[in-house]
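So the chains spell out like this:
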Amino acid sequence: MNNILRAFFKNYSFVLKVALTSLLMFSLFRLILLSHHLVTLSQTPYDVIFKGLFMGLRFDIVITCYIMAIPLIIETISKYLSYNKKTFIRKFSIAYLYIVYFIAFLISSADIPYFNHFFARFNIMAFQWIDSPNFVFQMIFLDITSYLYLGIFALVYSLFIVIINRISNESLFYKSYIYHPFYLFLIIIIISLFFLGIRGRTSIKSPIKTGTAFFSIYPLINQTSLNPIFTFIRSIIEKESNSHKLNLIDYNVAVQTMKKLYNIEGDTINNNEIGRMDSIRPNVILIIMESMSAGLLNYNGNNDFITPFLDNLIKNNHTIYFANTYSAGIHTYSGVYSSIFGYPTLYKIHPMNKAIITQYKKSFPLILKEKGYYNTYFTTHDDQFDNIGGFLMNNGFDQIISQTDYPNKEILSNLGVPDHYMFDYSLNILNKIKQPFFSVFLTSSNHKPLIIPKNIAFIPAKNDINKNIVAYSDWSLKYFINKAKQQKWYNNTLFVFVADHGMCIGENNYDINLNYNHIPLIFHSDKYIPENIINNNIASQIDIGNTILGFMGVSYTNNCFGKDIFKNNRDFASFVQNDYIASIDNKYLWYYNNEIKREYLFDYKKNSTDNLLTKHPSKRNIMRNYTFAFYQFASKNR
């Protein structure tokens, strides 16, 4: 019996050692990822950390067993074949492992910066810009930190190859006891164990799922328990099966809920007539700031003092600051789309990058165009990225200024020209417009690759490029306003500052990082805003167009999901972040994971981690019903 066991493990030593090496490598990637979050980790109980590492091992076993299933079958069959066939099959098995683990370790390496940026494991959303490979390639390889992760990949993969090569001849010629009944029984056992490993659970009802990893109240541990290859494959399957399509609530119930909230009379949202006389026609400049989280401002408690212009502007006598504003999503296309058109970002849907470009009739740009406005859009880089240029031209914009318009010598990276140069370049164009204008600026310097231009008045004050680039972005805004003050159109212009989204900064107790959606929204005009106002009501990025029209006194038919937040308080701001849809008010945060069908309610003002679903059922029901109705209705009306 012992001899048969020794023969069995000898014959399968190659498969078992490769599988063990695979688990060690995946664990190494997890430890590297956790090392980026030591502060959060230090506040996590040890037993939760160890349970998270064990949970991570379970997910690593699932992926390893999937990958090693083919070599396992090959090794089993090869023992009953001739020497030549056995040698050929082993070579095939090794080539297979080279290729598959190259992909697996590459994803595991890419997952580290992806998680640090989005607080989500690697998934198919990472390939949403696959139609712009040159842009993405430059974004990766012009960022010096990318080489660190490429180095980690190269080191781990090289080590894996060395190990495989060293054990490649093991068990190749050994074939003792392979016809013995007990040996055949052991084969059934190992195949069964691999099948169990693929399932990840002993439960008959369901194999391991993403939700299995969410076992604690500590989001970092829950997320890092997952394996990025697992989340990537699951996201592909879900995309192909269209499981991301929302089925939150009966559509008729959603319609009735939205009717009450928006005073809608028909089945669509375009029946809310706003009847006011036109009063003023200022120029409108909307500046959408890249990744400018409200958490970066000193006003909101950041003591790095890297946004002096924005902080001073908030205190200015000619400024209204909406302190509780939230972005609709966490991507730039979402920020542009929702800020300009007043529509929410839908779950896992890119609204502008489609073969058929929707025209949003009675949208904010088209309303202004009907009022005689000339609409321009300025971006530092390629306007075709995310299909933004074509989408805007089909929706009321007269002119797009992008990378092709700037001198080649001023282009520093795939992100085009630096922010201050785009602002400088725009002045001559704006000065030539003979009618009221609506101009949108999309900044990009606060995005990797982080490049601070040389030979300018800006002087970095920090030793941290991440802080310095925010300071440069802030400086560029001041640079533009100072230049604008010298132009004839300045006095008759309303400036609106908002972010496309925030960023993952600071410590976070929740599955979603509020700093990614909490953004500044600032209205500024020396002529039309005589005093300083801090508005603490809940506001959404989708309210910008309606609020500007209300500010101007324009009569219009509301065809979007926004509200004039000067006149209509918003009960909740709703947003999406990775697998979550969420709503927030001045005290509570409610969110729902659409993949694992799990919901949470927190008192975020107290930074509490106590899930209040059962303690406050009425609050949970109100926020849940509103959010479900909002997104279900929006999914059919966009």
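Further up the page is the structure itself.
Residues numbered from 1 in each chain as written. Predicted model: local features only at pLDDT ≥ 70, side-chain atom pairs only at ≥ 80, totals over all residues. Heavy atoms only, no water.

Caption draft 1: Quick peek at the sheet that holds strand β11 (residues 573–577). Spatial ordering of the open sheet is given by β11-β12-β13-β14, a layout of four strands whose pairing is antiparallel. The open sheet is flanked by β11 and β14 (598–603), the only strands paired with a single partner. For this sheet, the mean inter-axis angle between neighbouring strands, taken without regard to orientation, is 20°. Pairing of β11 with strand β12 (residues 580–584), which is carried by five bridges, proceeds in the antiparallel orientation. Across the sheet, Gln-577 pairs through a bridge with Tyr-580, a residue of β12. (Pairing = 2+ DSSP bridges. Helix = DSSP H or I, 4+ residues; strand = E, 2+ residues; numbered from the N terminus. Axes fitted to C-alpha atoms, helices over the stretch in contact; angles between N-to-C directions.)

Caption draft 2: Seen up close, the pairing of β14. Counting buried residues along β14, five of its six residues qualify, which places the element largely inside the surrounding structure. Two elements, strand β13 (residues 588–593) and β14, share six bridges in a ladder whose sense is antiparallel. Residue pairing in the sheet places Trp-590 in a bridge with Leu-601 of β14. Here β13 folds back onto β14 in antiparallel fashion, the turn holding four residues, of which Lys-597 has a positive phi close to 55°. (Buried < 20%, exposed > 50% of the residue type's maximum accessible area, 1.4 Å probe, protein only.)

Caption draft 3: Geometry of a nonpolar patch on the surface. Nonpolar side chains collect at one region of the surface, where Ile-99, Phe-102, Ile-103 and Leu-106 lie side by side and expose about 350 Å² of accessible area between them. Along the chain, Phe-102 turns up in helix α5 (residues 83–118). For Phe-102, a relative accessible area of 36% corresponds to the partly exposed category. (Patch = residues over 30% accessible without salt bridge, like charges linked within 9 Å, V, L, I, M, F, W, Y side chains within 5 Å. Areas by Shrake-Rupley, 256 points an atom, 1.4 Å probe, with all protein chains shown as cover. Salt bridge = Lys/Arg side-chain N within 4 Å of Asp/Glu carboxyl O.)

Caption draft 4: A look at the sheet that holds strand β8 (residues 518–524). Pairing within the open sheet is mixed, and its eight strands lie in the order β5-β4-β6-β2-β7-β8-β3-β9. A single partner strand is all that each edge strand has here, and the edge strands are β5 (399–401) and β9 (533–540). Neighbour to neighbour, the strand axes of the sheet diverge by 15° on average, direction disregarded. With six bridges connecting them, strand β3 (residues 319–326) and β9 associate as parallel partners. Looking at β9, one finds that Tyr-321 is bridged to Ile-534. Here helix α13 (residues 332–341) sits on the sheet in contact with β2 (283–289), β4 (374–379), β6 (437–442) and β7 (493–499), set at roughly 155° to β2. Running at roughly 160° to β7, helix α18 (residues 544–552) makes contact with β2, β3, β7, β8 and β9 of the sheet. (Contact = heavy atoms within 4.5 Å.)

Caption draft 5: Structural detail: helix α16 (residues 419–431). The terminal C-alpha atoms of α16, which comprises 13 residues, lie 19 Å apart, in line with the 18 Å expected from a rise of 1.5 Å per residue. Of all the positions in α16, only Asp-419, His-420, Tyr-421, Met-422, Phe-423, Ser-426, Leu-427, Ile-429 and Leu-430 are classed as buried. Here the buried face of α16 lies against β2, β4, β5, β6 and α17 (465–484). (Expected span 1.5 Å × (residues − 1).)

Caption draft 6: Local environment of unusual backbone geometry. With omega at 0°, the peptide bond leading from Lys-448 into Pro-449 counts as cis. Structurally, the position occupied by Pro-449 is in the loop between β6 and α17. Despite not being glycine, Ser-291 shows a phi value in the positive range, around 55°. Counting through the fold element by element, Ser-291 comes out in the loop between β2 and α12 (308–315). Its identity is not glycine, yet Asn-455 carries a phi of approximately 60°, on the positive side. As for its position among the elements, Asn-455 is in the loop between β6 and α17. For Asn-455, a relative accessible area of 84% corresponds to the exposed category.

Caption draft 7: Highlighting the packing of aromatic side chains. The full count for this structure, using the stated rule, is 60 aromatic pairs. A ring pair is formed by Phe-397 and Phe-438, whose centres lie 6.0 Å apart and whose planes are at 45°; its orientation type is tilted. With Phe-397 in the loop between α15 (388–393) and β5 and Phe-438 in strand β6, this pair connects stretches of sequence that are 41 residues apart. Phe-438 gets classed as buried once you look at its relative accessible area, which sits at 0%. When the centroid spacing of 6.3 Å and the interplanar angle of 0° are considered together, the rings of Trp-590 and Tyr-592 count as stacked. Classification of Trp-590 by relative accessible area gives buried; the value is 0%. (Phe/Tyr/Trp six-rings, centres within 6.5 Å; stacked < 30°, edge-to-face > 60°.)

Caption draft 8: Highlighting the pairing of β6. Summarising burial for β6: six of the six residues are buried, a large majority. Neither face of β6 is open: one carries Phe-437, Ser-439 and Phe-441, the other Phe-438, Val-440 and Leu-442, and all of them are buried. With five bridges joining them, β2 and β6 adopt parallel strand pairing. Each bridged residue has a counterpart across the sheet, and for Ile-288 the counterpart in β6 is Leu-442. When β4 meets β6, the two strands line up parallel, connected through six bridges. Bridge pairing links Asn-375 to Phe-438 in β6.

Caption draft 9: The arrangement of helix α7 (residues 145–167) in detail. Look at α7: 34 Å from first C-alpha to last across 23 residues, which is about the 33 Å you get at 1.5 Å a residue. Listing the buried residues of α7 in full gives Ser-146, Tyr-149, Ile-152, Phe-153, Val-156, Tyr-157, Phe-160, Ile-161, Ile-164 and Ile-167.

Caption draft 10: Spatial organisation of the nonpolar core. Grouped together as the largest cluster of nonpolar side chains are 199 residues, with contacts concentrated most on Phe-105, Phe-497 and Leu-589. Excluding residues within four positions of it along the chain, Phe-497 makes contact with Ile-287, Met-289, Phe-309, Leu-313, Leu-477, Ile-481, Pro-520, Leu-521, Ile-522 and His-524. (Core = buried A, V, L, I, M, F, W, Y, C linked by side-chain atoms within 4.5 Å.)

Caption draft 11: Representation of the side chain of Gln-223 within the structure. Inspection of the secondary structure assignment puts Gln-223 in helix α9 (residues 219–224). Apart from residues lying up to four places away in sequence, Gln-223 is in contact with Phe-115, Phe-119, Ala-120, Arg-121, Phe-214 and Tyr-580.

Caption draft 12: Looking closely at the packing of helix α4 (residues 46–78) against helix α8 (residues 181–199). Contact geometry of α4 with α8 gives a least axis separation of 8 Å together with a crossing angle of 150°. Relative to α8, α4 is oriented roughly antiparallel. By crossing handedness, the relation of α4 to α8 is classed as left-handed. Here Ile-61, Val-62, Cys-65, Tyr-66, Met-68, Leu-72 and Thr-76 of α4 lie close against α8, whose contacting residues are Ile-187, Ile-190, Ile-191, Phe-194, Gly-197 and Ile-198. Along the lines of polarity and charge, the residues of the contact of α4 with α8 split into 11 nonpolar, two polar and no charged. (Parallel < 35°, antiparallel > 145°, perpendicular 65-115°, else oblique. Left-handed = near helix turned anticlockwise from the far one by under 90°. Nonpolar A, V, L, I, M, F, W, Y, C, P; charged D, E, K, R; others polar.)

Caption draft 13: Geometry of the pattern of salt bridges. Scanning the entire structure with this criterion turns up 12 salt bridges. Salt-bridge contacts for Asp-585 lead to Lys-619; the nearest nitrogen and oxygen are separated by 2.7 Å. Placement of the pair is Asp-585 in the loop between β12 and β13 and Lys-619 in helix α19 (residues 617–636), with a sequence separation of 34 residues. Owing to a relative accessible area of 22%, Lys-619 belongs among the partly exposed residues under this scheme. Taken together, the salt bridges that share partners define one network made up of Glu-599, Arg-620 and Arg-624.

Caption draft 14: Representation of the side chain of Ser-291 in the model. Exposure remark for Ser-291: the relative accessible area of 2% places this residue in the buried category. Not counting chain neighbours up to four residues away, the residues in contact with Ser-291 comprise Leu-296, Asn-446, Asp-500, His-501, Gly-502 and Met-503.

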